[in-house]
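# Commentary on secondary and tertiary structure
Each chain, letter by letter, is given below.
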Amino acid sequence: MPKLAYLGPQGTFCEAALRRLAPDAERLPAANVGAALHAARTGEADGAVVPLENSVEGAITQTLDELAWGGPLLITGELLLPVEFSLLVRPGTELPQIKRIISHPAAITQCRGYLEREMPDALVMAWPSTAGAAQEVAAPGSPYDAAISPAIAAEYYGLDEFASGIGDRSDTVTRFVRVSPPGPLPEPTGADRTSLVAFLRDDHPGALLEMLSEFSVRGVNLTRIESRPTGDGIGRYFFHFDCEGHVADARVGEAISGLRRLCADLRFLGSYPRADRVATQIRAGTADDDFTEAAGWLERIRNGQA
Ligand SMILES: O=C(O)C(=O)C[C@]1(C(=O)O)C=C[C@@H](O)C=C1
């Protein structure tokens, strides 16, 4: 039974994602995303489940940066989890008593409309996770009055649900990924995604366009692109790419080889089955057979057999 680290404590969306991705796994709660990934790197856990992006908030930048800069890890699976927020309070708490609210920053952003409308004077503060915030509110003598959290955390920590469905949108989804230490890749399924981190060799006109061209000329569809600062000064960025397909596919392999030549560094973050099972688009002339046929043709020309 694998042991997987996750953003704890019990009751986070991350735990719900882990339960669905690996129902039989032993669960190791971690204090934050960095600690969960650290456990996967050091072998304390066999892997980790962490949030990567949210349909309202966008990228979970801590995860992106950890995957880009920390010791190498491979994404081996993903899950799209609908997220629904509740406001949890100690039993008996009434509206005028709710003065200090805590939660994960991504959850706070997604409930901004409710907070501004219903409790505009409350102080809203960041906490490492949603369920961690619920646990804190339940702690004796806590200075905090309410937590934005999954409803399930009310049961775990003995809180009441003051309000439910408080997210600004009812259809919010967070994409979680399972990461593992480098090892064998998941088999291609025909509905896969590949994730990469690209560091520019030098900044020049068209540098991003050149990278994008490696995908486009081979008919590889991008599903996400994100720029992140390198930290070396204003205007210095590196790029996260997600594309359709598996590195075992000829067009994806060739696009990645092309990027490798262009980039100062290219980190392969994995090829893994898509959660939505949407089959990869294969444009005319970009199937594996097309690449094999073209390579054979070139070989014949080189051998004077054309
Ligand atoms: O705190 C949690 O429950 C998490 O799983 C983290 C997280 C996030 O990082 O975005 C997951 C989904 C929600 O968008 C809010 C918080």
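Owing to the predicted nature of the structure, the values given are computational and were not obtained by experimental measurement.

## Re the domain arrangement of the protein chain
In many reports, interface size means the accessible area that the parts give up when they come together. According to the domain assignment, the protein chain contains domain 1 (1-82 + 167-183), domain 2 (86-164) and domain 3 (185-306). Between the C-alpha centres of domain 1 and domain 3 there is a distance of 24 Å. The partner domain 3 presents 23 residues to the 22 residues of domain 1 that form the contact. Both faces considered, domain 1 and domain 3 share a buried interface measuring about 1700 Å² in area, 57% of it formed by carbon and sulfur atoms. Together, W69, I75 and E78 form the three largest contributors to the area buried by domain 1 at its contact with domain 3, with a combined 30%. For the pair domain 1 and domain 3, the number of links is four salt bridges. With its nearest N and O atoms 2.7 Å apart, the salt bridge here joins R228 to D65. The interface formed by domain 1 and domain 3 contains 11 residue pairs in polar contact (both at pLDDT 80 or more). Looking at the side of domain 1 that touches domain 3, the elements that each hand over two or more residues are β3 (47-54), α3 (61-69) and β5 (74-82). With seven residues, the single largest contributor to the side of domain 1 that touches domain 3 is β5. A breakdown of the residues in the side of domain 1 that touches domain 3 according to their chemical character gives 12 nonpolar, six polar and four charged.

## Some points on the UniProt feature "domain: ACT" (unreviewed entry) in the protein chain
According to UniProt, the feature "domain: ACT" (unreviewed entry) maps to residues 196-273 in the numbering used here. Secondary structure across residues 196-273 divides into 29% helix and 41% strand, with the first and last C-alpha atoms of the span separated by 15 Å.

## Considering helix α9 (residues 250-262)
Its 13 residues place the ends of α9 18 Å apart at the C-alpha level, agreeing with the 18 Å of an ideal helix rising 1.5 Å per residue. Next to the buried residues of α9 lie β12 (192-200), α8 (207-216), β14 (237-244), β15 (263-273) and α10 (288-302).

## Some words on the sheet that holds β15
If you trace the four strands from one edge of the open sheet to the other, you get β13-β14-β12-β15, paired in antiparallel fashion. Each end of this open sheet is capped by a strand with a single partner; those strands are β13 (222-229) and β15. For this sheet, the mean angle separating the axes of adjacent strands, direction not counted, is 15°. Two elements, β12 and β14, share six bridges in a ladder whose sense is antiparallel. Looking across to β14, one finds that L196 is bridged to F241. Sheet strands touched by α9: β12, β14 and β15. Its angle to β15, the strand with the most contacts, is close to 155°.

## A closer look at the site of the ligand
Taken together, 15 residues surround the ligand, and among them F13, C14, H104, Q110 and T130 come closest. Within the side chain of H104, a nitrogen or oxygen atom sits 3.3 Å from an oxygen atom of the ligand. Between the ligand and T130, the relevant distance is 2.4 Å, taken from an oxygen atom to a side-chain nitrogen or oxygen of the residue. Elements that contribute at least two residues to the shell around the ligand include exactly α1 (13-21), β3, α4 (105-110) and β11 (173-180). Residues belonging to the shell around the ligand are distributed by class as follows: eight nonpolar, seven polar and no charged.

Criteria and cut-off values
Residues numbered from 1 in each chain as written. Predicted model: local features only at pLDDT ≥ 70, side-chain atom pairs only at ≥ 80, totals over all residues. Heavy atoms only, no water. Domains from an automatic or database assignment. Contact = heavy atoms within 4.5 Å. Buried area = accessible area lost by both parts, 1.4 Å probe. Salt bridge = Lys/Arg side-chain N within 4 Å of Asp/Glu carboxyl O. Polar contact = N/O pair within 3.5 Å; in protein donor to acceptor, adjacent residues only side chain to side chain. Helix = DSSP H or I, 4+ residues; strand = E, 2+ residues; numbered from the N terminus. Nonpolar A, V, L, I, M, F, W, Y, C, P; charged D, E, K, R; others polar. UniProt positions renumbered as here; feature names shortened; annotations may be inferred. Expected span 1.5 Å × (residues − 1). Pairing = 2+ DSSP bridges. Axes fitted to C-alpha atoms, helices over the stretch in contact; angles between N-to-C directions. Near = heavy atom within 4 Å.

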